[in-house]
Amino acid sequence: MQTPDLESLDGIPLDEEGPVFREPWQAQAFALVLKLHEQGHFTWTEWAERLNRAISAARAGGDPDLGNTYYHHWLAALEGIVADKRLVTAEALMRRRDEVQEEHGRLHGHNH
Amino acid sequence: MTESSHRAPLSDVQLRVRALESLLTEKGVVNRETLDGIVDHYENKVGPHIGAAIVARAWMDPEFKARLLEDASTTLADQGYTGIEGSHMVVVENTDAVHNLTVCTLCSCYPWPVLGLPPNWYKSTPYRAKAVRDPRGLLREFGLELPEETAVRVWDSNAEIRYLVLPKRPEGTENMSEAELQEIVTRDSMVGTGQATLEQ
């Protein structure tokens, strides 16, 4: 098995001062986690472990994890923890995802 | 931050976040206003300027510095800086003998209340791995060459403890005001991947 080169930060910008969130969905996912935690749905330790698992899973799937996919891990961990805590089931999430897509298509002329 | 064109189909991640928010809003667990408030806080209110103010004060005020090194959580809470996720804060001081470097090998734990959210490199696997395996080599990648006699100490943050580095006050700053000193304290100098310097 080929091991990724963990000994170099080549290709990762080290001087970036970019925006806190690159896209609105990242900010939304971030805020959802903070709010759920604040309300006591999970501890921060539980969250950190979940996030760690999402990062490991992404790396196992071939993501070199250079920092630019961080909020993808964050979102995957969020979906996992709301299912664990029985706040939202995976099925309900899939259904709502399709509904949101249909609604968006209807409103913006992307019916398919 | 710009919302992508409304004519474009939504991406997979956009759909997933909207679905989550919509279901949790229906359940009365979250609402748009409080979520926007959280985003605004992290986009516009917290950032390295807070850490820089704390460092500059510690450089000027030995009594404050002693309290900060002794019990950062309480000292910072007294100043109104507490973590939304309620973690413990520890401040570690750089000296000629020791250079401190912070990392989170678990995920991306970082002293949010005083530095804001971390840059991408801090969250990357290469940084997290190399900080532990070859901290001196890592610092070299950041352009920081330390003298042989300076030991490098690595602090692994976690969900309960976050570290903030108190950088060395550079020589030649004896006559600078606290406000001027704040200007030379960079984010990287408080993570440990840089130093506070006069030439910037």
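Residues numbered from 1 in each chain as written. Chains lettered and ligands numbered in written order. Predicted model: local features only at pLDDT ≥ 70, side-chain atom pairs only at ≥ 80, totals over all residues. Heavy atoms only, no water.

**Student:** Summarise the overall build of chain A; cite the residues concerned and give the values.
**Tutor:** The secondary structure content of chain A amounts to four helices and zero strands. Start at the N end of chain A and walk to the C end: the helices and strands fall as α-α-α-α. Principal-axis analysis of the C-alpha atoms gives chain A an extent of 45 × 40 × 35 Å. Counting over 112 residues, chain A shows a buried share of 47%. Accessible surface, chain A: about 6100 Å² in total, of which carbon and sulfur atoms supply 49%. Across chain A, the centroid of the 11 positively charged side chains sits 10 Å from that of the 19 negatively charged ones. (Helix = DSSP H or I, 4+ residues; strand = E, 2+ residues; numbered from the N terminus. Buried < 20%, exposed > 50% of the residue type's maximum accessible area, 1.4 Å probe, protein only. Areas by Shrake-Rupley, 256 points an atom, 1.4 Å probe, with all protein chains shown as cover. Lys, Arg positive; Asp, Glu negative; His and termini not counted. Charge placed at Lys NZ, Arg CZ, Asp CG, Glu CD.)

**Student:** Go over the overall build of chain B with me, naming the residues and quoting the values.
**Tutor:** Of the regular secondary structure elements, chain B holds 11 helices and four strands. Principal axes of the C-alpha set define a box for chain B whose edges measure 55 × 35 × 30 Å. Here chain B holds 200 residues, and 51% of them are scored as buried. Once local pairs closer than 6 in sequence are excluded, the contacts in chain B between residues at least 24 apart make up 66%. (Contact = heavy atoms within 4.5 Å.)

**Student:** Got a sec to walk through the interface of chain B and chain A? Specific residues and values, please.
**Tutor:** With 61 residues of chain B at the interface, the matching set in chain A holds 63 residues. Between chain B and chain A, a total of about 5700 Å² is buried, with carbon and sulfur atoms accounting for 66% of that surface. If you look at where chain B meets chain A, you find four salt bridges. Between E79 of chain A and R16 of chain B there is a salt bridge, and its shortest N-O distance comes to 2.7 Å. (Buried area = accessible area lost by both parts, 1.4 Å probe. Salt bridge = Lys/Arg side-chain N within 4 Å of Asp/Glu carboxyl O.)

**Student:** Please set out the packing of aromatic side chains residue by residue, giving values where relevant.
**Tutor:** Going through the model one piece at a time under the given rule, you end up with 20 aromatic pairs over all chains. Taking 5.6 Å as the distance between ring centres and 75 degrees as the angle between the ring planes, the aromatic pair formed by Y42 of chain B and W112 of chain B counts as edge-to-face. In this pair, Y42 of chain B is assigned in helix α2 (residues 32-45) and W112 of chain B in helix α6 (residues 112-115), connecting sequence segments 70 residues apart. According to the relative accessible area criterion, Y42 of chain B is buried, its value standing at 3%. Given a relative accessible area of 4%, W112 of chain B falls into the buried group. Feature note: the residues F21, F30, F42, W44, W47, Y70, Y71 and W74 of chain A together with Y42 and W112 of chain B constitute an aromatic cluster, connected by ring pairs. (Phe/Tyr/Trp six-rings, centres within 6.5 Å; stacked < 30°, edge-to-face > 60°.)

**Student:** Please set out the domain arrangement of chain B residue by residue, giving values where relevant.
**Tutor:** Many structure descriptions define interface size as the accessible area lost when the parts assemble. Split by domain assignment, chain B resolves into domain 1 (12-44) and domain 2 (47-191). Inter-centroid distance (C-alpha atoms) of domain 1 of chain B to domain 2 of chain B is 31 Å. (Domains from an automatic or database assignment.)

**Student:** Account for the pairing of strand β4 (residues 161-166) of chain B, with residues named and values stated.
**Tutor:** Consecutive side chains along a regular strand alternate between the two faces of the sheet. Residues and elements named next belong to chain B. Across the six residues that make up β4, a large majority, five, are buried. Note: strand β1 (residues 88-93) against β4, six bridges, orientation parallel. Bridging across to β4, E93 finds its partner in L166. (Pairing = 2+ DSSP bridges.)

**Student:** Please provide a residue-by-residue account of the pattern of salt bridges, values included.
**Tutor:** Evaluation of the coordinates by the stated rule reveals 21 salt bridges over all chains. Three or more residues are tied together by salt bridges with common partners; here these are E79, R97 and D98 of chain A together with D12 and R16 of chain B.

**Student:** If you had to explain the side chain of T150 of chain B to someone new, which residues and values would you point to?
**Tutor:** Here T150 of chain B lies in the loop between α9 (135-141) and β3 (151-156). Ignoring sequence-local partners within four residues, the contact set of T150 of chain B consists of T95, D96, A97, V98, H99 and R136 of chain B.

**Student:** Describe in detail the nonpolar core, supporting the description with residues and values.
**Tutor:** The biggest cluster of nonpolar side chains holds 87 residues, and the ones touching the most others in it are F30, L36, W47, W74 and L78 of chain A together with W112 and Y127 of chain B. Per-element accounting of this core gives the leading share, nine residues, to helix α1 (residues 24-38) of chain A. Counting the residues that make up this core, at least three belong to each of domain 1 (12-44) and domain 2 (47-191) of chain B. Excluding residues within four positions of it along the chain, L78 of chain A makes contact with A29, L32, V33, L36 and W47 of chain A together with L20 of chain B. (Core = buried A, V, L, I, M, F, W, Y, C linked by side-chain atoms within 4.5 Å.)

**Student:** Explain the packing of helix α2 (residues 44-60) of chain A against helix α3 (residues 70-84) of chain A to me, and be specific about the residues and the numbers.
**Tutor:** Two numbers describe a pair of packed helices, the interaxial angle and the distance between the axes. All names here are of chain A. Where α2 contacts α3, the axes come no closer than 8 Å and their chain directions differ by 125 degrees. Considered as vectors, α2 and α3 are oriented oblique to each other. Judged by the sense of rotation from one axis to the other, the crossing of α2 with α3 is right-handed. Contacts from W44, E46, W47, R50, L51, A54, I55 and A58 in α2 reach Y70, H73, W74, A76, A77, L78, G80, I81 and D84 in α3. (Axes fitted to C-alpha atoms, helices over the stretch in contact; angles between N-to-C directions. Parallel < 35°, antiparallel > 145°, perpendicular 65-115°, else oblique. Left-handed = near helix turned anticlockwise from the far one by under 90°.)

**Student:** Let's hear about unusual backbone geometry: which residues, and what values?
**Tutor:** Residue and element names in this part refer to chain A. Residue D65 is not a glycine yet carries a positive backbone phi of 55 degrees. Note that D65 resides in the loop between α2 and α3. Exposure remark for D65: the relative accessible area of 0% places this residue in the buried category.

**Student:** Could you give an account of the state of the cysteines, with specific residues and numbers?
**Tutor:** Residue and element names in this part refer to chain B. The full count for this structure, using the stated rule, is zero disulfides over all chains. With no disulfide of its own, C104 has C109 as its nearest cysteine by sulfur position, at a separation of 3.7 Å. Judged by its relative accessible area of 3%, C109 is buried. (Disulfide = S-S within 2.5 Å.)

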